[in-house]
Amino acid sequence: RADHHAEERPPAQPIPQQTRAHNDAVTYISALKSDLCVSGGKDKAVVVSNWRSGTALKRFVGHDREVSKITCVFGSNRFFSASRDKTVLMWDLHCKAGSAQKFLGHHLIVTGLAVSPDGTQLLTGSRDNTLCKWDVETGQCLLKTAVSRNLVTHLCWVPRESCVVQTQRIKVSGVWDIRNLHLAHMFPMKQYIQMHCDVSEDGNYCLTSSNGFGGQGCEATLWDLRQRKDKVCEYKGHLQSTTSCVFLAKNTWDTPLVATASHDCTVKVWERDTGACLSSLFLDGSGPLSSLAVCDDTSILCASFNSGIHSLRMQGSHGATLQQVTSF
């Protein structure tokens, strides 16, 4: 204010800190049910938690090295984990024993996982340049393809379609026809490595996010899967690699929204069609942020290297403002 009068504000409320779900960095997180999430970490464990209370419920151990990716069909009891130990494991929420299925066939770290919407097929990708399609029930590899320099970073199944979007380290993203593992389309090359991808609920758009440093690169990009010619919009504002990008529930807000997380410790919410940043939340002490998961219309989970899993809520009264609820 011009008169230098400091406006009085209520003291900030401390953020509740629950017992950590992992005892090391959390590398990936996914929403499993309306109140459950599943996460993987450098502690080699896969953990199912009640994200509303911030309580770890079950801990699954079967990998020899850190968990790199997690995927599941929302609402099901099954989930899948990939690891630096080159394996992919399927788990059952109600199974007390070990993994329900193993998928063995990659020769390097598995960095991509996508399960079909009906839960019957699994696609995996690795730094060994291969993609594998598996039968979930038998663990049998149905198809395998190898493409030179195809260092997979992430996979995401397109709803109601027989195709999967892939990002990779050679700075391009592509769409694979899952029926024959044929590369159906490649998007224009970006300047930096593409780290992550997500597909909208209606299957019309996909997001990719970029690594970078000092604000160079570090953006997320919106692509139209129906046109596939050029980018639709870019979301620029992160200062370090943008490691995760997700679409938010489209019926909750006046305009479609997307969210991103970055190694710069911030989560940002953007207008999908204009690229305007509506909210930016800095998670102090979190270290690099590794993954986002959308839980319901207003809740987002964020995995971090130093401070576990953060539960965030979007408040619509202030234009989709992000607030931290708890961490665990």
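Conventions adopted
- Residues numbered from 1 in each chain as written.
- Predicted model: local features only at pLDDT ≥ 70, side-chain atom pairs only at ≥ 80, totals over all residues.
- Heavy atoms only, no water.
- Pairing = 2+ DSSP bridges.
- Helix = DSSP H or I, 4+ residues; strand = E, 2+ residues; numbered from the N terminus.
- Axes fitted to C-alpha atoms, helices over the stretch in contact; angles between N-to-C directions.
- Buried < 20%, exposed > 50% of the residue type's maximum accessible area, 1.4 Å probe, protein only.
- UniProt positions renumbered as here; feature names shortened; annotations may be inferred.
- Lys, Arg positive; Asp, Glu negative; His and termini not counted.
- Salt bridge = Lys/Arg side-chain N within 4 Å of Asp/Glu carboxyl O.
- Polar contact = N/O pair within 3.5 Å; in protein donor to acceptor, adjacent residues only side chain to side chain.
- Contact = heavy atoms within 4.5 Å.
- 1 Å grid on protein atoms, 1.4 Å probe; cavity = no way out; pocket = protein on both sides within 12 Å on 5 of 7 lines; lining within 4 Å.
- Points joined across faces, edges and corners; volume = space filled by probe spheres on them.
- Nonpolar A, V, L, I, M, F, W, Y, C, P; charged D, E, K, R; others polar.
- Core = buried A, V, L, I, M, F, W, Y, C linked by side-chain atoms within 4.5 Å.

So, on to the sheet that holds strand β14 (residues 163-168). Spatial strand order, β13-β14-β15-β16: 4 strands in an open sheet with antiparallel pairing. Across the chains shown, the open sheet's two edge strands, defined by having one partner strand only, are β13 (152-157) and β16 (182-186). Averaged over all neighbouring strand pairs, the angle between strand axes comes to 30°, with direction disregarded. Across 5 bridges, the pairing between β13 and β14 is antiparallel. Bridge assignment links H154 to a residue of β14, and that residue is T167.

Before going further, it helps to examine the sheet that holds strand β1 (residues 26-31). Ordered in space as β1-β2-β3-β4, the 4 strands form an open sheet in which the pairing is antiparallel. Since the sheet does not close on itself, it has two edges, and those belong to β1 and β4 (55-61), each with one partner. Taken over all neighbouring pairs, the strand axes of this sheet differ in orientation by 25° on average, direction set aside. Inspection of the sheet shows β1 paired to strand β2 (residues 36-41) by 5 bridges, in the antiparallel sense. Bridge assignment links Y28 to a residue of β2, and that residue is G40.

Next up on the list: the pairing of strand β25 (residues 266-271). Taking burial as the measure, the 6 residues of β25 include 5 buried ones, the bulk of the element. Pairing of strand β24 (residues 257-262) with β25 involves 5 bridges; the strand directions are antiparallel. Bridge assignment links A261 to a residue of β25, and that residue is V267. Between the antiparallel neighbours β24 and β25 lie 3 residues, among them C265 with a positive phi of about 75°. Bridging between β25 and strand β26 (residues 277-282) involves 5 bridges; their strand directions are antiparallel. Across the sheet, the residue bridging to T266 is F282, located in β26. Once β25 ends, the chain turns through 5 residues before running back antiparallel as β26, passing G275 with a positive phi of about 80°.

UniProt records the feature "repeat: WD" (unreviewed entry) at residues 60-93 and 103-144, using the numbering of this structure. Taken end to end, residues 60-93 comprises 0% helix and 56% strand; its first and last C-alpha atoms sit 10 Å apart. In residues 103-144, the share of helix is 0% and the share of strand is 55%. The end C-alpha atoms are 13 Å apart.

In this section: the side chain of K69. Within the fold, K69 resides in strand β5 (residues 67-72). Although K69 is buried, it makes no salt bridge; E66 carries the closest opposite charge, 10 Å away. Here T153 takes part through its backbone oxygen, which lies 2.4 Å from a polar atom of the side chain of K69. When sequence neighbours within four positions are dropped, the list of residues in contact with K69 reads Y28, F80, S81, A82, T111, G112, L113, T153 and H154.

As a further point, take the layout of surface pockets. Looking at the largest pocket, its volume works out to about 1,200 Å³. Lining the largest pocket are 43 residues, with F74, C156, D198, V199 and E201 positioned closest to its centre. Counting only elements with at least two residues in the lining of the largest pocket, the list comes to β1, β5, β9 (110-115), β13, β17 (194-199), β23 (242-247) and β27 (289-294). Residue composition of the lining of the largest pocket, by class: 28 nonpolar, 7 polar and 8 charged. What the second largest pocket holds in volume is close to 520 Å³. Lining the second largest pocket we find 18 residues, and of these T27, S68, K69, R127 and M195 sit closest to its centre. Mapped onto the lining of the second largest pocket, the elements with two or more residues apiece are β1, β5 and β17. For the lining of the second largest pocket, the class distribution of residues is 4 nonpolar, 8 polar and 6 charged.

Next up on the list: the environment of L181. Within the fold, L181 resides in the loop between β15 (173-177) and β16. Overall, L181 belongs to the buried group, its relative accessible area being 6%. If sequence neighbours within four positions are ignored, L181 has contacts with L123, L131, K133, L143, K144, T145 and W176.

Our focus in this paragraph is the nonpolar core. Residues V267 and M314 are the most contacted members of the largest nonpolar core, which totals 18 residues. Of all the elements, β24 adds the most residues to this core, at 3 residues. Core analysis: the next-biggest nonpolar cluster, separate from the first, contains 14 residues, L36, V46, F79 and L93 among them.

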